[in-house]
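Each chain, letter by letter, is given below.
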Amino acid sequence: MEDGERLLPKGFPKLKNDTFLRAARGEETEHTPVWCMRQAGRYLPEFQETRAAQDFFATCRSPKLCCELTLQPLRRFPLDAAIIFSDILVVPQALGMEIVMVPGKGPTFTEPIKEVEDLLKLRQKVDVAAELGYVFQAITLTRHSLEGKVPLIGFSGAPWTLMSYMIEGGGSTTMAKAKSWLYRHPEASHRLLRLLADVVTDYLVGQVAAGAQALQVFESHAGHLGPEQFEDFALPYIRNIARAVKSKLKEEALPLVPMIIFAKDAHYALRDLAHAGYEVVGLDWTIRPQEARAQTGKDVTLQGNLDPCALYAPKEKIGELVKKMLEGFGTQRYIANLGHGLYPDMNPEHVGAFVEAVHAHSRHINKHS
């Protein structure tokens, strides 16, 4: 057992920068907080060095490596939050499915779900402490190692996104196999989605018990669904997870941490997502800030939504785009981020320019407003 794994989820260092948490709760902030999805990623040379010759999921199962990868971007950039290095597909693994990382292809399920009978092969009751304890250990170790610098975000995939991977067997441009289930096997689809929602709920509560100070739920494949399918097969489980997590946190006397829902390309559902029980609604880059504000109202914080590809622009242009984004969203009840994750070929200096521009422009706007 690694030394870090013996650390207990208590006696954490005092938080020095709570800007992200205050923004998430709708409290006033001196500057707009900023973090990036996939901020611990292949665009960093040190990330590639740490990950060299190491299997991806073996890395995910090493609390020490996950901690190191989570901390790396914090050493480079004045980010306002850290997000634990892990993967949404650890949940299907906890259900008993085998996944391998194929070079050039990505995560691949050795035996994807094909028939309704295949659902019987999944674990119907998952002990998250036994199956996903390595994530909890990584969170505890990282929370201690952050030394209170910034809050630590935990996360999970949402049920529809996880289901789509489990049926497709990996990535897909159409999600046709998974979507066909929604039409051909609606009852079985709901059975699988309920199972996933139960596991995700316990997994997120376990992350808070381990030291996570906020939670993000990724509905990455929302855009493959139309409004009716989203309302039937995604939204109810997104709502149930928020309700159940908050209820269990209260029961277990754990902190009621802010929760973020990021449903990519789900513009048609923004009003519903704003009332789904999450403090923060994450946005991709394909919606105007003013339109998002109009649809979500004043009671939720928004997060996003710079086009990740904007970071290929010269630094001066990045600054201009950030200023425009801040003017669109306003600097309060807002967390700056990209509209999706960082790409592997991005220049770290341009990521730094993005982070610094958010801080500088938001301080300037606040000072002169």
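Residues numbered from 1 in each chain as written. Predicted model: local features only at pLDDT ≥ 70, side-chain atom pairs only at ≥ 80, totals over all residues. Heavy atoms only, no water.

As annotated in an unreviewed UniProt entry, the protein carries the name Uroporphyrinogen decarboxylase and comes from Patagioenas fasciata monilis. Quoted verbatim from the Subunit (unreviewed entry) field of UniProt, the annotation for the protein is "Homodimer." Under the UniProt heading Sequence similarities (unreviewed entry), the note attached to the protein is "Belongs to the uroporphyrinogen decarboxylase family." (UniProt positions renumbered as here; feature names shortened; annotations may be inferred.)

J.: I keep staring at the UniProt feature "domain: Uroporphyrinogen decarboxylase (URO-D)" (unreviewed entry) in the protein and nothing clicks. Help me out?
T.: As recorded in UniProt, the sites labelled "domain: Uroporphyrinogen decarboxylase (URO-D)" (unreviewed entry) are residues 33–42 and 153–169. Secondary structure content for residues 33–42 is 0% helix and 0% strand, and the end C-alpha separation is 23 Å. Annotated as 59% helix and 29% strand, the span residues 153–169 places its first and last C-alpha atoms 28 Å apart. (Helix = DSSP H or I, 4+ residues; strand = E, 2+ residues; numbered from the N terminus.)

J.: Help me understand the sheet that holds strand β1 (residues 82–83), please; the structure alone is not making it clear to me.
T.: Strand-to-strand pairing in sheets goes through backbone hydrogen bonds, with the strands running parallel or antiparallel. The seven strands lie next to each other as β1-β4-β5-β6-β7-β8-β9, forming an open sheet whose pairing is parallel. Of all strands in the sheet, those bounded by a partner on one side alone are β1 and β9 (334–338). In this sheet, β9 lies alongside strand β8 (residues 301–306) in parallel orientation, the contact comprising five bridges. Note that in β9 the partner of leucine 306 across the bridge is leucine 338. (Pairing = 2+ DSSP bridges.)

J.: Before we go on, may I ask you to explain helix α10 (residues 186–210) in this structure?
T.: The first and last C-alpha atoms of α10 sit 36 Å apart over 25 residues, in line with the 36 Å expected at 1.5 Å per residue. Of the residues flanking the end of α10, it is glycine 211, one or two places downstream, whose phi is positive at about 130 degrees. (Expected span 1.5 Å × (residues − 1).)

J.: Hey, could you run me through the packing of helix α8 (residues 159–168) against α10 in this one?
T.: The packing of two helices is summarised by the inter-axis angle and the distance between the axes. Two elements in contact, α8 and α10, have axes separated by 9 Å at closest approach and are oriented at 120 degrees. Comparing their axes, α10 and α8 come out oblique. Judged by the sense of rotation from one axis to the other, the crossing of α8 with α10 is right-handed. Along the contact surface, α8 presents Pro159, Trp160, Leu162, Met163 and Met166, while α10 presents Ser189, Leu192, Leu193, Leu196, Ala197 and Val200. The class makeup of the residues in the contact of α8 with α10 is ten nonpolar, one polar and no charged. (Axes fitted to C-alpha atoms, helices over the stretch in contact; angles between N-to-C directions. Parallel < 35°, antiparallel > 145°, perpendicular 65-115°, else oblique. Left-handed = near helix turned anticlockwise from the far one by under 90°. Contact = heavy atoms within 4.5 Å. Nonpolar A, V, L, I, M, F, W, Y, C, P; charged D, E, K, R; others polar.)

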